[in-house]
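An overview of the molecular structure
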Amino acid sequence: MTIIKRIVPVIFLAANIFIAKAQTIVAVESQKNALVLQVTPKKQLNALYFGTKLANQSEYAAIAKQYRYISHTGEANMAYSTAGSIDILEPALAVTHADGNRSLALKYVDHTTTKISDNITLVSINLRDSVYNFDVTLNYQTYIKENVTEQWTVIKHHEKKDVVLNKYASANLYLQSDGYWLNHYHGEWAQEMKPEEEKLSHGIKTLDSKLGTRADLFQPPVFMVSLNKPATEDEGEVLYGNLEWSGNYKIDFEVDPNNNLRLIAGINNHAADYTLKPNTEFVTPKFVYILSDKGKGDASRSLQSWARKYKIADGEGPRLTLLNNWESTFFDFNEPKLAELLKTTKTLGVDLFLLDDGWFGNKYPRNGDKSGLGDWEVTKNKLPNGIAYLTKTAAEAGVKFGIWIEPEMVNPKSELYEKHPDWVVKQPQRPEYYMRNQLVLDLTNPKVQDFVYGIVDDLFTKNPTLAYIKWDCNSVIFNANSATIAHQGNFYTDYVFGLYKVLERIRAKYPKVPLMLCSGGGGRVDYGALKYFTEFWDSDNTDPLERVFIQWEYSYFYPALTSSNHVTDWGKQPIKFRTDVAMMGKLGFDIVVAKLKPEELTYAQGAVSLYKEYSEAIWHGDQYRLQDPWKNDVASVMYVDPNQSKAIMFNYLVSNRYRSGTIRPITLKGLLDDKMYTIKEVNMMPGQRSSIPGGTYSGKFLMTVGINPAVGAGDRASVIVSIEEK
Ligand code: DGJ
């Protein structure tokens, strides 16, 4: 075995730089963790360590001696591995230079540390190839209090002609532990977020998508890796990751010959060799990650709090409750019908009415999903007085008005398709292939970007009181090809850049308006998109029993205020169960209110006002997953407001076996030991009596002994408990 000599004496230079005679250590630190990099005497940047930070920074240099990074074939711990030189495991970056050469060996040049705010530090490390005029900057932006890091890479070259990026990942992490347990997700339409956990074996496990637009349909770009042993809700070391990218992605987990884990996350290079002009920068998407040594719950709360504060559009703001008409009317509506629904929106007590699909198209009216998509003119014989009349009627009814669009798509049966066949993603020599009878517009084309932006801008210009947009996206990309771009390898990547350009323009002009990210369910949820959207549509599956599981899994990564949960007629459960489940997020309804029985309506109205009373805890508080539906008869989730004075606990029966229910108390979390809290069952049906042992208890009691929500069959299948400081 080769042994590299390291010289330990260290001279302190700055907060995160140490020089040990020709050997620089760069430590990217948060409140709890340190990601430690080292520049070798040959100027190679290596990853030494990612874990709990040390009290004595000068000891970072000594880490290198404790682990094995070297194998028979060389060093495996490059901080950003490159193909074609001395690294022969999976690369983060692979290129073909202007002269056809495919090698890259990056050397450390220098680095800077910028204090962006009291809580945010950016470390940028410049690397340069020793032969070619090729530069890379690695960026690590750390949110100190939340222990969250966003990592991305800037690639540029000054070669005489174009360079092709064959692989261009955002980040490369290197972890050492006694084993790695990967928790990842798979699914299909209406079956989103099914978890699977497995111990990683040697070789590569890849999570990826090649679907183009609604890239998460089969596999979302979120994961957890537990180190040393599978982490639980409250114990163990776990890393969460999410690529902030709304298109094809690839995350490789390679357990190397030294049992270390090389993790590479970035845009999927499948059919995406990217041609980069000289003197232009390619900025990769950010890869966000958090490492916790206190289990999945702690990691999740930190990520949620980071996301609310720094990423999600209006993440710290309020959300609108709403009534949607999709499942109550589908395409079959007209002005009188909508006027009735607008009145019932007010009766229910929600803030907004959301008009869904089917309001546009004249030559080819959108009376079904086979025509009209792309023709964003209101259907005259359906809505003769236009959207302006509806927003006015909504205002008269005392509610806000929102609208559905699917601006990236086109039905072949549309005027748009007839006028601009070259705006459509298709292979000119091959037959068209459709998902939901539609095709995708080519957002790499600036004219299409203008068109898509124009749809939104036109709606707001003509209807200034429009208060909400649901942005749908129902097709993946088949026959990937653009009629206008020079290099088809750039297509998948430039599509997403095109989408972001449009969203940037929309947000520049309409910074506050709530936008729901919908993709026929959760087909496109990631922190790249949530920068522009206030919320997302988890799944078209609104069966409340299924939703307990789907929302549970999303909640590891995304805060409740982003999770659009609508009460519909899916499932067999009564209105109480359906509404209780939808309240664990952003509450909406998609039912015919007029068909509710009087007691159901009274219950629903009460639920809306209770929801508003507890929205501070649900939207902006800390979430505690108390009891796992996959392992218990009863699922239990709790939200605690930022002052730890008001909390709400949701409990659901998820098994129909004989005598299923809560036979023991469930211990609460996130309260203060010494505070006294009053416990009460809330959100009951009219006439329903509580069966829980309500009263006043100390936080210590509630978090040690707990309380029994008395969940069982029948009207005890769903129980909400309020916890309020006395
Ligand atoms: C798919 C969405 O998920 C639904 O909520 C609805 O908006 C339909 N599209 C409309 O076509």
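An account of the accompanying structure is given in this report.

Reading the values: the criteria
- Residues numbered from 1 in each chain as written.
- Predicted model: local features only at pLDDT ≥ 70, side-chain atom pairs only at ≥ 80, totals over all residues.
- Heavy atoms only, no water.
- Buried < 20%, exposed > 50% of the residue type's maximum accessible area, 1.4 Å probe, protein only.
- Helix = DSSP H or I, 4+ residues; strand = E, 2+ residues; numbered from the N terminus.
- Pairing = 2+ DSSP bridges.
- Core = buried A, V, L, I, M, F, W, Y, C linked by side-chain atoms within 4.5 Å.
- Contact = heavy atoms within 4.5 Å.
- 1 Å grid on protein atoms, 1.4 Å probe; cavity = no way out; pocket = protein on both sides within 12 Å on 5 of 7 lines; lining within 4 Å.
- Points joined across faces, edges and corners; volume = space filled by probe spheres on them.
- Nonpolar A, V, L, I, M, F, W, Y, C, P; charged D, E, K, R; others polar.
- Axes fitted to C-alpha atoms, helices over the stretch in contact; angles between N-to-C directions.
- Right-handed = clockwise from strand over helix to strand, strands pointing away.
- Phe/Tyr/Trp six-rings, centres within 6.5 Å; stacked < 30°, edge-to-face > 60°.
- Salt bridge = Lys/Arg side-chain N within 4 Å of Asp/Glu carboxyl O.

1. Notes on the pairing of strand S20 (residues 260-267)
- The element S20 is extensively covered by neighbouring structure, given that 8 of its 8 residues are classed as buried.
- Summarising the sheet, strand S13 (residues 163-176) and S20 pair through 7 bridges and their orientation is antiparallel. Its bridge partner lying in S20, leucine 175 is registered against leucine 261.
- Pairing geometry for strand S19 (residues 249-255) and S20, over 7 bridges, is antiparallel. Each bridged residue has a counterpart across the sheet, and for valine 255 the counterpart in S20 is leucine 261.
- Hairpin connection, S19 to S20: the antiparallel pair is bridged by 4 residues, and asparagine 259 has positive phi, about 70 degrees.

2. With respect to the nonpolar core
- Ranked by internal contacts, the top residues of the largest apolar core, which has 219 residues, are Leu355, Trp359 and Ile723.
- With 9 residues, helix H8 (residues 491-509) is the largest single contributor of residues to this core.
- Beyond its immediate chain neighbours, meaning those up to four positions away, leucine 355 contacts Asn325, Phe333, Leu338, Leu383, Ile387, Leu390, Phe401, Gly402, Ile403 and Trp404.
- Ranked by size, the runner-up nonpolar core spans 9 residues in total, among them Leu352, Leu354, Met516 and Trp537.

3. What about empty space enclosed by the protein?
- Evaluation of the coordinates by the stated rule reveals 8 cavities of 30 Å³ or more.
- In this structure, the largest cavity encloses a volume near 110 Å³.
- Together, 14 residues line the largest cavity, and Gln551, Ser555, Met584, Gln623 and Tyr639 are the ones closest to its centre.
- Taken together, the elements giving at least two residues each to the lining of the largest cavity come down to helix H9 (544-554) and strand S35 (634-640).
- Residues that form the lining of the largest cavity fall into these classes: 10 nonpolar, 4 polar and no charged.

4. Here's the deal with the sheet that holds strand S31 (residues 535-537)
- As summarised here, the arrangement of the 8 strands in space is S24-S25-S26-S29-S30-S31-S32-S33, forming a closed barrel in which the pairing is parallel. Across this sheet, the average inter-strand angle for adjacent strands is 30 degrees, counted without regard to direction.
- One ladder, built from 2 bridges, connects strand S30 (residues 515-517) with S31; its direction is parallel. Counted as the bridge partner of methionine 516 is glutamate 535 from S31.
- Sheet contacts for helix H4 (residues 335-348): strand S24 (322-324), strand S25 (352-355), strand S26 (400-405) and strand S33 (586-589); angle to S25, the most-contacted strand, approximately 145 degrees.
- Together, strand S32 (563-567) and S33 form the strand contacts of helix H10 (residues 575-582), whose direction differs from that of S32 by roughly 170 degrees.

5. Description of the sheet that holds strand S34 (residues 622-627)
- One open sheet holds the 6 strands; their spatial order is S34-S35-S36-S39-S37-S38, and the pairing between them is antiparallel. Among the strands making up the open sheet, the edge pair consists of S34 and strand S38 (695-698). Ignoring which end each strand starts from, the neighbouring axes of this sheet average 25 degrees apart.
- Here 5 bridges tie S34 to S35, and the two strands are oriented antiparallel to one another. Across the sheet, residue arginine 625 finds its bridge partner in S35, namely valine 637.
- The sheet contacts of H10 involve strand S36 (646-653), strand S37 (676-682) and strand S39 (718-725), and relative to S39 the element is tilted by about 50 degrees.

6. Details of the pairing of strand S29 (residues 466-471)
- With 6 of its 6 residues buried, S29 lies for the most part within the structure.
- Sheet topology note: the S26/S29 ladder contains 5 bridges and is parallel. When the bridges of S29 are listed, isoleucine 405 appears paired with tryptophan 471.
- A crossover connection joins S29 to the parallel S30 through H8; in handedness this β-α-β unit is right-handed.

7. A short note on the packing of aromatic side chains
- This structure, assessed with the given rule, holds 41 aromatic pairs.
- Taking 4.7 Å as the distance between ring centres and 45 degrees as the angle between the ring planes, the aromatic pair formed by tyrosine 143 and tyrosine 310 counts as tilted. Linking tyrosine 143 in strand S11 (residues 134-143) with tyrosine 310 in helix H2 (residues 295-311), this pair joins segments that are 167 residues apart in sequence.
- For tyrosine 143, a relative accessible area of 4% puts it in the buried group.
- For tyrosine 310, a relative accessible area of 26% puts it in the partly exposed group.
- Summarising the aromatic geometry, the rings of tryptophan 376 and tryptophan 404 are spaced 6.3 Å apart at their centres and angled 45 degrees between planes, so their arrangement reads as tilted.

8. Structural notes on the pattern of salt bridges
- With the rule as written, the count across this model stands at 42 salt bridges.
- Among the salt bridges present, the one from lysine 32 reaches aspartate 298, with a minimum N-O distance of 3.9 Å. Of the two residues, lysine 32 is situated in the loop between strand S3 (24-29) and strand S4 (33-39) and aspartate 298 in helix H2; the sequence distance between them amounts to 266 residues.
- With relative accessibility at 31%, the residue lysine 32 sits in the partly exposed group.
- Taking the relative accessible area as the measure of exposure, aspartate 298 reaches 18% and is therefore buried.
- Its salt-bridge partner being lysine 363, residue glutamate 418 comes within 2.8 Å of it at the nearest N-O pair. One end of the pair, glutamate 418, is in helix H6 (residues 415-419); the other, lysine 363, is in the loop between S25 and helix H5 (386-397), with 55 residues separating them in the sequence.

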